[in-house]
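Architecture at a glance
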Amino acid sequence: MLKQEPSRAPTCYVEATLKTPGSSFAYPFEYTRNVNGKGSQEPLIGNEEQGRYKKACPDYRHYAVIAHRPYSDGPLALPFQRPDIHCRTFHSPTVEKVIAHVTSRMEDKDLARIFENAFPNTLDTTIRWHVDGSGKKERKYTSSWGQWDGAQSFVVTGDINAEWLRDSTNQLLQYQGLAKKEKKLENLILGAINTQAEYVIESPYCNAFQPPPPSHGPPVGNGQDDAVHPAYEPSRVFECKWEVDSLAHFLALGNQFHKSTGSKAYLRDRYYTALETVLEVLDEQSKPTFDPETKTLNLGGVGNPLANGTGLIRSSFRPSDDATILQFLIPANAQISVELKRTSDIVKAAGKKALAARLLERAQSINKGVWEHGVVNHKKYGEVFAFEVDGYGSAIIMDDANIPSLLALPLLGFCDVDDKVYQNTRKMILDKAGNPYYLTGRAFAGVGGPHIGLQYAWPMSRLVEAMTSNDDDEIMDALHAVKGASQLGLVHESVNVDRITDYTRSWFAWANSVFAQTILNVAARKPDLLFGKNAEPFVLEEI
């Protein structure tokens, strides 16, 4: 049963201790809420009301591992895992409307309960800081690069108080279609674009970031001691791994926002500066050699040799944050080629023709490189996309669960789901004989990766499998598998294929968002599978 929302959402300050992996650093959580829907959202200060909530609201990392009533009406009796209304980090009436509408129509009440928990999980738990940019008292922070101004949003990954460009873009994806219907939600995503732009300008080679300086949030230690070039400021950057898809996801966030709302509010000087920064980095990383970056790569941190003239961009790390072997990572190159083209179209329409031409030229060069160097002939499956190549003819044949992946290429907009090379690749990826990281066990099966190990598959891979399939049985098999592995009502990062009660990360907002996106995808394409025979499609934008 959906909880009734009070007419006024009070503020809430929560202090909890969280130790990040490999670190003993502890920090307070600050849950901030805009209670009147206008003006700026200032950091909270103590008062009697806030003090009461501070004592009552738990650390969600611990809250997520305990089953809470009421339980679903399905055979799994899955728990209700949303935090109390007073402890949620952002509230959207439109999101609540979607939850009520979709869950009331779903026949499988266990799947419905996971959607009820997962769809709002990013808003409920990860909006650590948001200002709408309209308040007179709004604080601005001046750095050597300029000012943090306008709407800003800091969206953490879940159980780590840091923002990954990739994670936060995907965490917000299921709300993009609602942004035009709710100004508050639109402003939140606008703030996320602006914040990511500042991160990209200052540290374009980095993937995860600390709380923005104007939020006054304390930086978090990550327990790592990497030697990185270019050097970064640890109080601003949580982790610095050069991943092409981080910049692709920055572009994607703005492109999705523009597609959903038609708004050009984010096309400001700081955004254009970020675009110039992106192009500079891509130019540098398209070269066959460059200065050493990190000590986790081969050959003194440079990585294995790459050929010249491929059009591809090197990526030192994968979206799993693991080091690449051959640094032309095909899924990431495919993704950024798509997003560069989309960005080019938008800025051209905004009158930036010269910049648009440069973006398009780079997009076309990368796209050509993927098709020329990323497609290889497999003795069993025929022409397939390789996971990584070096331009000399060597290739890594595998896939990883994290997005961008080869399995997700149609979702990224790189190719059609019926493309022959993609279909060959898909068969290879979902076959243990073709993909060394396709893991099977007594309790679960799916794509995993080296990040966690050879016993742990990622539910996210099964969700991508469902979204890229037109086969009813395959779709439902994937959804039921993820449902069975989500006994706490939330989707985990990975699960042991032999024992689903052995999992990683009880609070991983990205995985929850992908589950929600999958339900919405199926509800639009194949509503009968969720809502029953002859059901009408549910299209998010039409609610």
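Summary of the structure given here. (Residues numbered from 1 in each chain as written. Predicted model: local features only at pLDDT ≥ 70, side-chain atom pairs only at ≥ 80, totals over all residues. Heavy atoms only, no water.)

Further remarks concern helix H15 (residues 472–484). The end-to-end C-alpha distance of H15 is 18 Å, a good match for the 18 Å that 13 residues give at a rise of 1.5 Å each. Taken residue by residue, H15 has Glu474, Ile475, Met476, Ala478, Leu479, Ala481, Val482 and Lys483 as its buried positions. (Helix = DSSP H or I, 4+ residues; strand = E, 2+ residues; numbered from the N terminus. Expected span 1.5 Å × (residues − 1). Buried < 20%, exposed > 50% of the residue type's maximum accessible area, 1.4 Å probe, protein only.)

Moving on, we get to the sheet that holds strand E12 (residues 395–396). The strand order E8-E11-E12 describes an open sheet built from 3 strands, whose pairing is antiparallel. Each having just a single partner strand, strand E8 (328–329) and E12 make up the two edges of the open sheet. With 2 bridges connecting them, strand E11 (residues 388–389) and E12 associate as antiparallel partners. Considered in E12, the bridge of Val389 is made with Ala395. (Pairing = 2+ DSSP bridges.)

Quick look at the pattern of salt bridges now. The full count for this structure, using the stated rule, is 31 salt bridges. Note that Arg505 is salt-bridged to Asp159, the shortest N-O span being 2.6 Å. Of the two residues, Arg505 is situated in the loop between strand E17 (499–504) and helix H16 (509–525) and Asp159 in the loop between strand E4 (152–155) and strand E5 (163–164); the sequence distance between them amounts to 346 residues. Judged by relative accessible area, which is 13%, Asp159 ranks as buried. The salt bridge partner of Glu339 is Arg342, with a shortest N-O separation of 3.1 Å. One end of the pair is Glu339 and the other is Arg342, both in helix H10 (residues 330–349) and 3 residues apart, which spans about a single turn. Residue classification places Glu339 among the buried residues on the basis of a relative accessible area of 4%. Three or more residues are tied together by salt bridges with common partners; here these are Arg166, Asp167, Glu243, Asp245 and Asp321. (Salt bridge = Lys/Arg side-chain N within 4 Å of Asp/Glu carboxyl O.)

Okay, the layout of surface pockets next. Considered as a void within the structure, the largest pocket measures approximately 1200 Å³ in volume. Forming the walls of the largest pocket are 37 residues, and the residues nearest its centre are Leu173, Gln256, Lys259, Leu411 and Asn521. If you list the elements that add at least two residues to the lining of the largest pocket, you get helix H6 (165–176), helix H8 (244–261), H10, helix H12 (409–412) and H16. Residue contributions to the lining of the largest pocket peak at 7 residues, all from H8. Among the residues forming the lining of the largest pocket, the class breakdown is 16 nonpolar, 16 polar and 5 charged. (1 Å grid on protein atoms, 1.4 Å probe; cavity = no way out; pocket = protein on both sides within 12 Å on 5 of 7 lines; lining within 4 Å. Points joined across faces, edges and corners; volume = space filled by probe spheres on them. Nonpolar A, V, L, I, M, F, W, Y, C, P; charged D, E, K, R; others polar.)

Attention now moves to unusual backbone geometry. The omega torsion across Arg69 and Pro70 is 0°, close enough to zero to call that bond cis. With respect to the helices, strands and loops of the structure, Pro70 is situated in the loop between helix H2 (60–63) and helix H3 (93–105). The phi angle at His216 is positive, at roughly 60°, despite the residue not being glycine. Positionally, His216 belongs in the loop between strand E6 (208–209) and strand E7 (237–239). Positioned with a positive phi, Asp321 is a non-glycine residue whose angle comes to about 75°. Counting through the fold element by element, Asp321 comes out in the loop between helix H9 (269–285) and E8.

Moving on, we get to the pairing of strand E9 (residues 375–378). A regular strand places its side chains on the two faces of the sheet in alternate fashion. In this sheet, strand E10 (residues 382–385) lies alongside E9 in antiparallel orientation, the contact comprising 4 bridges. Of the residues in E10, the one forming a bridge with His378 is Gly382. Linking two consecutive strands that pair antiparallel, namely E9 and E10, is a turn of 3 residues.

Phe119 and Phe515 are the most contacted members of the largest nonpolar core, which has 137 residues in total. The greatest single-element share of this core, amounting to 10 residues, is contributed by helix H7 (residues 183–202). Apart from residues no more than four positions distant in its own chain, Phe515 is found in contact with Leu111, Ile114, Phe115, Ala118, Leu463, Val482 and Val491. Within the second largest apolar cluster, 8 residues are counted, among which are Ala481, Ala485, Val495 and Val497. (Core = buried A, V, L, I, M, F, W, Y, C linked by side-chain atoms within 4.5 Å. Contact = heavy atoms within 4.5 Å.)

With the rule as written, the count across this model stands at 5 cavities of 30 Å³ or more. By volume, the second largest cavity amounts to about 70 Å³. Lining the second largest cavity, in full, are Trp148, Glu198, Tyr199, Glu202, Ser203, Phe209, Gln210, Pro211, Pro212, Pro213, Arg236 and Val237. With 3 residues, H7 is the single largest residue contributor to the lining of the second largest cavity. Residues that form the lining of the second largest cavity fall into these classes: 7 nonpolar, 2 polar and 3 charged.

This next bit is on the state of the cysteines. For the structure on display, the rule yields 2 disulfides. Two residues, Cys57 and Cys87, share a disulfide whose sulfurs are 1.8 Å apart. Its S-S torsion of about -80° marks the bond between Cys57 and Cys87 as left-handed, since a negative value means left-handed. One end of the pair, Cys57, is in the loop between helix H1 (48–56) and H2; the other, Cys87, is in the loop between H2 and H3, and 30 residues separate them in sequence. Here Cys57 and Cys87 have matching classes, each one buried. Between Cys206 and Cys240 runs a disulfide, and the two sulfur atoms are separated by 2.0 Å. Taking the torsion about the S-S bond as the criterion, the Cys206 to Cys240 disulfide, at about -80°, is left-handed. Here Cys240 lies in the loop between E7 and H8 and Cys206 lies in the loop between H7 and E6, a separation of 34 residues in the sequence. (Disulfide = S-S within 2.5 Å.)

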